[in-house]
Amino acid sequence: MGKNRRGYTYSTKAERLLEYIFVLIGSGIVAIAFNVFLLPNRIASGGVSGISTILDAVAGWEPAYVQWAFNIPLFIAGVLLLGKQFGAKTLAGTIFLPLVVFLTKEYEPWTSDPLLASLFGGIGVGLGLGIVFRGKASTGGTDLAAQIINKYTGLSLGTCVAIIDGLIVLSAAIIFDIEQGLYALIALYVTSKTIDLIQLGFSRTKMALIITEKQSEVREGILNKIDRGVTKLSAYGGYTDHERPVLMCVVDQTEFTKLKQLVQTIDPTAFIIVTDASEVLGEGFKRA
């Protein structure tokens, strides 16, 4: 990232190129997962791809054409109604994904087991979408429709997405059968979890909240023996209403055992709360 004279950050040419590469690679992965897992097993797990799966089964319409027919008008509507924030990268994903669907339509299904197809199809779609999101774009489709509904109805974006995907999955359950609808729900769930994994990564850091009577000793130990920063948070005991500051520390997974032993050695009665930190940016951790 660079900065202009006013201090605002902007993407360099290399970063923008990398973002476009992410969009194209991610869209390609989504398209291939759709063709080898979801479409042949009639798993309509939401989105425009789910609509194209249903229309392919019912009317024999080419899925790529259906996706273009929905994606491009939705992109135009999004630009007109929501502004130009979507940009060329989202347009690239909107056009490129159906193109790869069309080019790979002759690929043989990788499994005829609907459960395997829903699991690995969900992973493939989530992996691809996560990479596209890393490129600061989207593949358009029902995400844009959800944003339009969100703007004009006041419903939350999550609710709008859930309503649209829910209607598509319900349609699949009615047109195919209940079992296919259940498989579609599995794929939808796996997709969302895979996107989170790609966006946030495997949690390798832990955040510890420490309540101790020996704050100074614990703080010094963390700073000098573990070489990590520590923050003192103002807090009050719920029973006594006395001030009981809380020490907050973020450590790598490999350092957590050392932190726990340090605190328990200094103060065996210390109260420690530990949680996973999905993403940590800053000195000693990942840079933004």
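Parameters at a glance
Residues numbered from 1 in each chain as written. Predicted model: local features only at pLDDT ≥ 70, side-chain atom pairs only at ≥ 80, totals over all residues. Heavy atoms only, no water. Pairing = 2+ DSSP bridges. Helix = DSSP H or I, 4+ residues; strand = E, 2+ residues; numbered from the N terminus. Expected span 1.5 Å × (residues − 1). Buried < 20%, exposed > 50% of the residue type's maximum accessible area, 1.4 Å probe, protein only. Arc of directions from axis to C-beta. Contact = heavy atoms within 4.5 Å. Salt bridge = Lys/Arg side-chain N within 4 Å of Asp/Glu carboxyl O.

A. View of the pairing of strand β3 (residues 205-211). The pairing of β3 with strand β5 (residues 246-252) spans six bridges and is classified as antiparallel. By the bridge assignment for β5, lysine 206 is matched with valine 251. Across seven bridges, the pairing between β3 and strand β6 (residues 271-277) is antiparallel. Across the sheet, residue methionine 207 finds its bridge partner in β6, namely threonine 275.

B. Layout of helix α4 (residues 87-103). Under the 1.5 Å per step criterion, the end-to-end length of α4 is 25 Å for 17 residues, consistent within 8% with the ideal 24 Å. Taken together, the buried positions of α4 are occupied by Lys89, Thr90, Ala92, Gly93, Thr94, Leu97, Pro98, Val100 and Val101.

C. Examining helix α10 (residues 256-266) more closely. Along α10, the positions that sit buried rather than exposed are Phe256, Leu259, Leu262, Val263 and Ile266. Seen from one end, α10 has its buried residues packed into an arc of 125 degrees, which puts them on one side. Looking at the buried positions of α10, the neighbouring elements they touch are β3, α9 (215-226), β5 and β6.

D. Structural detail: the pattern of salt bridges. Inspection of the entire model under this criterion finds five salt bridges. Among the ionic pairs, arginine 219 bridges to glutamate 220, the shortest N-O distance being 3.3 Å. Residue arginine 219 is classed as partly exposed on the basis of its relative accessible area, which comes to 31%. Note on glutamate 220: relative accessible area 36%, which makes it partly exposed. The residue arginine 228 makes a salt bridge to glutamate 255 at a minimum N-O spacing of 2.9 Å.

E. The arrangement of unusual backbone geometry in detail. The backbone of arginine 42 shows a phi angle near 55 degrees, a positive value even though the residue is not glycine. Relative to the helices and strands, arginine 42 is located in the loop between α1 (13-38) and α2 (47-59). The class for arginine 42 is partly exposed, based on a relative accessible area of 42%. Phi at aspartate 227 takes a positive value of approximately 60 degrees, unusual for a residue other than glycine. By the element assignment, aspartate 227 lies in the loop between α9 and β4 (231-233). Residue aspartate 227 is classed as exposed on the basis of its relative accessible area of 64%.

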